[in-house]
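Residue strings, one per chain:
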Amino acid sequence: MANTLGRILLYTVLCLTAFYYLLPLYVMFITSVKGLEEIRSGNLLSFPTDISFAAWGKAWSSACTGVECRGLSSYFYNSVRMVIPGVLISTALGAINGYVLAKWRFKGSEIIFAMILFGVFMPFQVLLLPMAQTLGWMGIASSTTGLVFVHVVCGLASTTLFFRNYYVGIPDELIKAARLDGAGFWRIFFKIILPMSTPIIMVTLIWQFTNIWNDFLFGVVFSAGDSQPITVGLNNLANTSTSVKEYNVDMAAAIIAALPTILVYVFAGKYFVRGLTAGAVKG
Amino acid sequence: MSISAQEAHYGFTERWLPRLVLAPSFLLTLIFLYGFIIWNGYLSFTTSRLMPNLTWAGLAQYQILFENERWWVAVKNLFIFASLFIGSGMAIGIGLAIFLDQKIRGEGILRTIYLYPMALSFVVTGTAWKWMLNPGLGLEKLMHDWGFIHFTFDWLVNSEMSIYTVVIAGVWQSSGFVMALFLAGLRGVDDSIIKAAQIDGAYLSRIYWKIILPALRPVFFSTLMILSHIAIKSFDLVMALTGGGPGFSSDVPATFMYAMAFTRGQMGVGAASSMMMLATVAALVVPYLYSELRGKKNG
């Protein structure tokens, strides 16, 4: 009897917490489909009587983000242009680095690993000023290329860590056997290691995608008007002071900015979680 | 086999290829992390303001920084934010993990729900909570509609309380992550230990408190590291939720650095403040990394 009561209590707590976590998503969504009048007369939780996606259209193509009123679409494409090369390059480099650091150790490679690893933790604020100047010298300041470069440099530490920890778990005997058969550095990598790497490649791709898509700091410091990513666009939109604050447009914009990472989470949540736990420097 | 003996078997190409392959990343790290740290450190000792200026100024920028009231507000806020963010995040996360560990029906769905905020950017989280905590229309109006006419909730625009709204949104975002880490840890605990304790007649709560949680000490430390690291780096959440305001009442070092370096033309002070952030992180992380890497070598 006491046990049944305990179970009921347990489920109640779990469901209430689930409600708490879902609340902002619910509020964002229903606010985005309400009209301004309804937002004013109703409250946070009240269900919309008149569902309209007008705010979504406005957020996408005509809302004001500062001086300009062209919506989030161009920011969204900027993010897409930034995230694809950023993710692919940093993942490829991480795979190669991890392979060397796990399977081709040499004198000093552990120190190099430790040096790279510190990059996972360092506060990027320290890089901002020198990086801004360097990007200027390289001629890629305020451009998508510049942002891709910054994300590759700063993502290197985590991608290397992921692959290194994964490859440490692959038995050395496999490599030794391949070497006896006369396979060299690259052949072992492409024929043996890479085909076994699908899970960690997925984890790294998703981790990097989420991080780069969600980044705000580099976006706001290193980009200008036509290269700003979606997070900067959303922040500009939500903080633009207009006479009438359009909360429905703000919320639609927030959902648009969140949609790609939410979709990734829904469809590849397993890899997302593994990335999170792998980020905890275990292995 | 020692590393050098192993290397003797390799051909010339295979001895140098790994180093060559690692070289670009090593150089990038050397220049863009360590070189930039030194460069930024140097900037913090110069008279740089709107433009970088290489005139040596000694500790002048640090003196300006330490005499700046806004900096101390930011430090104090970081302290408040970090301790509450880490404390509540841990408590909620561990609690949820233990609850979910009780053979719950629909565990998968609940886990997914608890963790999804982690997939969102802090800017999205900030924007959403800014709307909900908005005095007048958000939570306050909801409570009024429910009959609590005298309910007021103006933390977002109250300079005494604004930093606590950052805590609310931050904990909402990150506690699911703590849950995921601890749940993974709990699943790794050997069932036979628990069974043995149960046979001895120990209560479940006692088993968790005395046996299981102590066994999860490594998970606890990893989580602590990551959460404090998120707290020190937190920039987006504050920018999106309060913008550091009202005034500069919810500033944290990260937003302070941004304001000084990029909007107020105080580059030297900005550089000095980021060096302070680096020092804080290094003090936490270097011993941790050292023990992690050493532990692995021995284990």
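Reading the values: rules and limits
Residues numbered from 1 in each chain as written. Chains lettered and ligands numbered in written order. Predicted model: local features only at pLDDT ≥ 70, side-chain atom pairs only at ≥ 80, totals over all residues. Heavy atoms only, no water. Helix = DSSP H or I, 4+ residues; strand = E, 2+ residues; numbered from the N terminus. Buried < 20%, exposed > 50% of the residue type's maximum accessible area, 1.4 Å probe, protein only. Contact = heavy atoms within 4.5 Å. Areas by Shrake-Rupley, 256 points an atom, 1.4 Å probe, with all protein chains shown as cover. Lys, Arg positive; Asp, Glu negative; His and termini not counted. Charge placed at Lys NZ, Arg CZ, Asp CG, Glu CD. Core = buried A, V, L, I, M, F, W, Y, C linked by side-chain atoms within 4.5 Å. Domains from an automatic or database assignment. Buried area = accessible area lost by both parts, 1.4 Å probe. Salt bridge = Lys/Arg side-chain N within 4 Å of Asp/Glu carboxyl O. Nonpolar A, V, L, I, M, F, W, Y, C, P; charged D, E, K, R; others polar. Polar contact = N/O pair within 3.5 Å; in protein donor to acceptor, adjacent residues only side chain to side chain. UniProt positions renumbered as here; feature names shortened; annotations may be inferred. pLDDT = per-residue confidence, 0-100. Disulfide = S-S within 2.5 Å.

## Observations concerning the overall build of chain B
Summing up its helical and strand segments, chain B has 14 helices and 0 strands in all. Along chain B, helices and strands appear, N-terminal first, in the series α-α-α-α-α-α-α-α-α-α-α-α-α-α. Projected onto the principal axes, the alpha-carbon positions of chain B cover approximately 75 × 70 × 30 Å. Counting the 299 residues in chain B, one finds 53% classified as buried.

## Focus on the overall build of chain A
Secondary structure assignment for chain A yields 13 helices and 0 strands. Listing every helix and strand of chain A by position from the N terminus yields α-α-α-α-α-α-α-α-α-α-α-α-α. With the principal axes as the frame, chain A shows a C-alpha extent of 75 × 70 × 30 Å. By sequence separation, contacts in chain A at least 24 residues apart represent 71% of the contacts at least 6 residues apart. Summing over all exposed atoms, chain A offers an accessible surface of approximately 11,600 Å²; the carbon and sulfur share of this is 68%. Taking the average location of the 18 positive side-chain charges in chain A and that of its 12 negative ones, the two points are 13 Å from each other.

## Overview of the nonpolar core
As a rule of thumb, nonpolar side chains are buried together in soluble globular proteins. Of all hydrophobic cores here, the largest spans 195 residues; its most connected members are Met 122, Tyr 167, Phe 218 and Phe 222 of chain A together with Tyr 114 and Trp 131 of chain B. In terms of residue count, helix α13 (residues 247-278) of chain A provides more of this core than any other element does, 16 residues in total. Composition of this core by domain shows at least three residues from each of domain 1 (1-51) and domain 2 (73-281) of chain A. Every residue in contact with Tyr 167 of chain A, bar those within four places of it in the chain, is listed here: Ala 95, Gly 98, Tyr 99, Ala 102, Lys 103, Phe 189, Ile 193, Leu 194 and Ser 197 of chain A.

## A word on the domain arrangement of chain A
All names here are of chain A. The domain boundaries assigned to chain A delineate domain 1 (1-51) and domain 2 (73-281). For domain 1 versus domain 2, the distance between C-alpha centres works out to 34 Å. Domain 1 puts 10 residues into the contact, and the matching count from domain 2 is 10 residues. Buried area between domain 1 and domain 2, both sides added, is near 730 Å², and the carbon and sulfur share of it is 79%. Our enumeration of links across domain 1 and domain 2 arrives at 0 salt bridges. Top contributing element to the side of domain 1 that touches domain 2 by residue count: helix α1 (residues 2-32), with 5 residues. Grouping the amino acids of the side of domain 1 that touches domain 2 by side-chain chemistry returns 5 nonpolar, 3 polar and 2 charged.

## What to know about the interface of chain B and chain A
Counting residues at the interface gives 96 residues for chain B, matched by 94 residues for chain A. For the pair chain B and chain A, the summed buried area comes to about 8,700 Å², and 76% of that belongs to carbon and sulfur atoms. Three residues, Leu 22, Tyr 116 and Trp 131 of chain B, lead the burial of chain B against chain A; their summed loss comes to 8% of the area buried on that side. Our enumeration of links across chain B and chain A arrives at 18 residue pairs in polar contact (both at pLDDT 80 or more). The dominant element in the side of chain B that touches chain A, judged by the number of residues it contributes, is helix α2 (residues 12-43) of chain B, at 19 residues. Here the side of chain B that touches chain A is built from residues that sort into 66 nonpolar, 16 polar and 14 charged.

## Examining the UniProt feature "domain: ABC transmembrane type-1" (unreviewed entry) in chain B
The sites that UniProt annotates as "domain: ABC transmembrane type-1" (unreviewed entry) are residues 75-290 of chain B. Split by type, residues 75-290 of chain B is 74% helix and 0% strand. Its first and last C-alpha atoms lie 27 Å apart.

## Considering the UniProt feature "transmembrane region" (unreviewed entry) in chain A
Residue and element names in this part refer to chain A. The feature "transmembrane region" (unreviewed entry), as annotated in UniProt, sits at residues 9-30, 82-102, 111-128, 148-167, 188-209 and 251-273 in this numbering. End C-alpha atoms of residues 9-30 are separated by 30 Å, and the span's content is 100% helix alongside 0% strand. As annotated, residues 188-209 has a helix share of 82% and a strand share of 0%, and its two end C-alpha atoms lie 28 Å apart.

## Remarks on the side chain of Ser 143 of chain A
By secondary structure assignment, the location of Ser 143 of chain A is in the loop between α6 (125-138) and α7 (144-168). Look at Ser 143 of chain A and you get buried, because its relative accessible area is 18%.

## Details of the confidence of the model for chain A
In low-pLDDT regions, the fine details of the predicted coordinates are not to be read closely. Mean pLDDT for chain A: 89, with 96% of residues reaching 70 or above. Here helix α2 (residues 36-41) of chain A is the element of chain A with the lowest mean pLDDT, 79, and helix α4 (residues 73-103) of chain A is the one with the highest, 95.

## Digging into the UniProt feature "transmembrane region" (unreviewed entry) in chain B
When the UniProt feature table is mapped to this numbering, "transmembrane region" (unreviewed entry) covers residues 20-42, 78-100, 112-132, 163-186, 207-232 and 267-290 of chain B. The straight-line gap between the two end C-alpha atoms of residues 20-42 of chain B is 31 Å; of that span, 100% is helix and 0% is strand.

## A look at the state of the cysteines
Residue and element names in this part refer to chain A. As enumerated under the stated definition, the model contains 1 disulfide over all chains in all. Shown here is the disulfide that connects Cys 64 with Cys 69, its sulfur atoms set 1.9 Å apart. Measuring handedness by torsion sign, the sulfur bridge of Cys 64 and Cys 69 sits at about 95 degrees and is right-handed.

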